[in-house]
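In case you want the letters, here they are:
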Amino acid sequence: MKKVGLHELYAKDPIEADRLVFGRESSPLTRRGFLRGASTMAAILGADVVFSRFMPAGFIPAALADSEEGFQIPGKEGLVVLNDRPLNAETPAHLLDDAITPAKHFFVRNNGLPPEQDSIDPATWTLTIDGESAEREVSFTIDELKKRFKHYTYQLVIECGGNGRAEFFPPARGNQWGTGAVGCAEWTGVRLRDVLEEVGIKDDAVYIGYYGADSHISRDPNKVPISRGVPMHKALEDEALIAWAMNGEDIPWQNGHPLRLAIGGWPASVSGKWLNRITIRNKEHDGPKMTGQSYRVPCKPVAPGTDVPDEDMCIIESMPVKSLITYPKSGVVLEGDRKLAVRGHAWAGDLSVEQVELSIDFGASWQKADLKPAPNRLAWQRFSGEVEFPQAGYYEVWARATDSMGRGQPTLLPGWNPRGYLNNACHRIAVKVS
Amino acid sequence: MKRLMTIGLMLLALPAAARDIDADSGLVIAPGFTETKQNCTVCHSAKLITQSRADRDGWLSMIRWMQKTQNLWPLGPNEPVILDYLAENYAPESIGRRPNLPAKLMPPE
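Since the model is a prediction, treat every value here as computed from it, not as a measurement.

Cut-offs applied
- Residues numbered from 1 in each chain as written.
- Chains lettered and ligands numbered in written order.
- Predicted model: local features only at pLDDT ≥ 70, side-chain atom pairs only at ≥ 80, totals over all residues.
- Helix = DSSP H or I, 4+ residues; strand = E, 2+ residues; numbered from the N terminus.
- Buried ≥ 20, exposed ≤ 12 C-beta atoms within 10 Å, placed from the backbone.
- Contact = placed C-beta atoms within 7 Å.
- Axes fitted to C-alpha atoms, helices over the stretch in contact; angles between N-to-C directions.
- Parallel < 35°, antiparallel > 145°, perpendicular 65-115°, else oblique.
- Left-handed = near helix turned anticlockwise from the far one by under 90°.
- Nonpolar A, V, L, I, M, F, W, Y, C, P; charged D, E, K, R; others polar.
- Pairing = 2+ DSSP bridges.

(A) Region of the structure containing the overall build of chain B. Each helix and strand in chain B was counted, giving 5 helices and 0 strands. Its helices and strands in sequence order give chain B the pattern α-α-α-α-α, from N to C terminus. Burial statistics for chain B: of 109 residues in total, 29% are counted as buried. Intrachain contacts of chain B at a sequence separation of at least 6 include 59% that bridge at least 24 residues.

(B) Examining the packing of helix H4 (residues 56-69) of chain B against helix H5 (residues 78-89) of chain B more closely. Residues and elements named next belong to chain B. At a closest axis distance of 9 Å, the pairing of H4 and H5 adopts a crossing angle of 130°. Relative to H5, H4 is oriented oblique. You can see that H4 and H5 cross each other, and the crossing is right-handed. Residue-level inspection shows Arg56, Trp59 and Leu60 of H4 in contact with H5, the latter providing Leu83, Leu86 and Ala87.

(C) The interface of chain B and chain A, seen in detail. Counting from both sides, the interface comprises 35 residues of chain B and, opposite them, 35 residues of chain A. Sorting the residues of the side of chain B that touches chain A by element identifies helix H2 (33-40) and helix H3 (47-50) of chain B as the ones contributing at least two each. Its residues assigned to classes, the side of chain B that touches chain A shows 16 nonpolar, 13 polar and 6 charged.

(D) The arrangement of the pairing of strand S2 (residues 87-90) of chain A in detail. Residues and elements named next belong to chain A. Summarising the sheet, strand S1 (residues 80-84) and S2 pair through 4 bridges and their orientation is antiparallel. The partner of Val81 across the bridge, within S2, is Ala89. Taking the residues between adjacent antiparallel strands as the criterion, S1 and S2 are bridged by 2 residues. Of the pairings in the sheet, the one linking S2 to strand S3 (residues 108-109) comprises 2 bridges and is antiparallel in character. Across the sheet, the residue bridging to Ala89 is Val108, located in S3.

(E) Quick peek at the sheet that holds S1 of chain A. Strand order across the open sheet formed by 3 strands is S1-S2-S3 (chain A), with antiparallel pairing between neighbours. For this open sheet the edge positions go to S1 and S3 of chain A, each flanked by a neighbour on one side alone.

Dropping the structure here:
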């Protein structure tokens, strides 16, 4: 008999796994509680499950779920895992040095549980376009998308709205991202606009909302982990793609294989993964994590720690100007040499970057870095420069980018907000000159 | 007397430095640990707790949000136990507007 792990068993059929492992049967009506099996589970756990009547069906109790040894993300290298359920992992700055972020270094941000890898069949996968502002409902296979629409390839910055959250005080809940929830890969697919126009967009269309094949972390099949979107003007821009490839290859499983949205410059959560439905709305989309406080900041600035009511929170659109020093790695020691070559990337949401400056004296003085134009709109831009240290000692190299509207990065943290979004404070690396 | 004072100082330093950590989850072992692990790591990893900091009200608002939107069940008599545990062991530490770079990003000593 083949040995099957607990997680594998639960992944295949959680209700059946309940029965096999714990002899558990839950109410078929509510999919909660125990008709049978509560005592078996208690015996295995060594404790009664308080409020077992509320325990959803198809759950692995935490005491067992947490027992898996080690943790590896298939196809990823060097990422720092912030959370292993749901899986969230960021990229250290020095591993983002490539002009185009390789798949193995592209960060992972999950709101829910990805569809099982072996359940994904690109040949039978469909994308349905529907909604009250769609002229009709149409489903496309990936092959049909590839055959019927022109292909486009763009390098697009995809950055989590919460990138940099770890620095806010009072602390905000959620994954405590450092600087690495960002990447700029080369995405290939068809224009979202071409597909929506083929289906037909009614005059009253306001927003699109996506749905994907990931499941809610509670494993409740009736709950959607995340369904966000963008207003029509953003959905219809040239660079908004329905993508099947990253860097010329299949998109990694954790990044949305076989199909996802790739919409640059806005919080990454607008670029839905494992995409299977786009709905054209006649009002602002109201799927999970569009409303409340998710991916929103106070409409008017607030003092740190302020309790902001939902109605005073506004949806984040374009991300702010930002830069990252990707070479050298923070903590570098210079021996016998006082000069240091520095490089990195800068990006500015919907805008372009006008200028990048470097400082070695905590922002007292700045020198201009060389800045390359973007290969296409919404891609990041390469900067490079050389700094010279006056004497031995401890230094920090700071980078500060300015966008095409003249707005630069703050050296302190920008405005506090309840969920800790949009930290674009300038990036710093430590250097010791001996 | 000097020795007694030294021991006293060591005890004061204990909560931050030498707390017992649960090998499975990474959670601090302290009163309320079992209730917290049992209820809070069913849907998500304990890493979501250990990487976060909040006061009692902050943790309560997260619990209410999870109950409203994420299928968290009522915690009943365990709720104050869990809240006390989280507020005590995962309280915010003031880091100002810009902390020093963390040790892992600093040059070697």
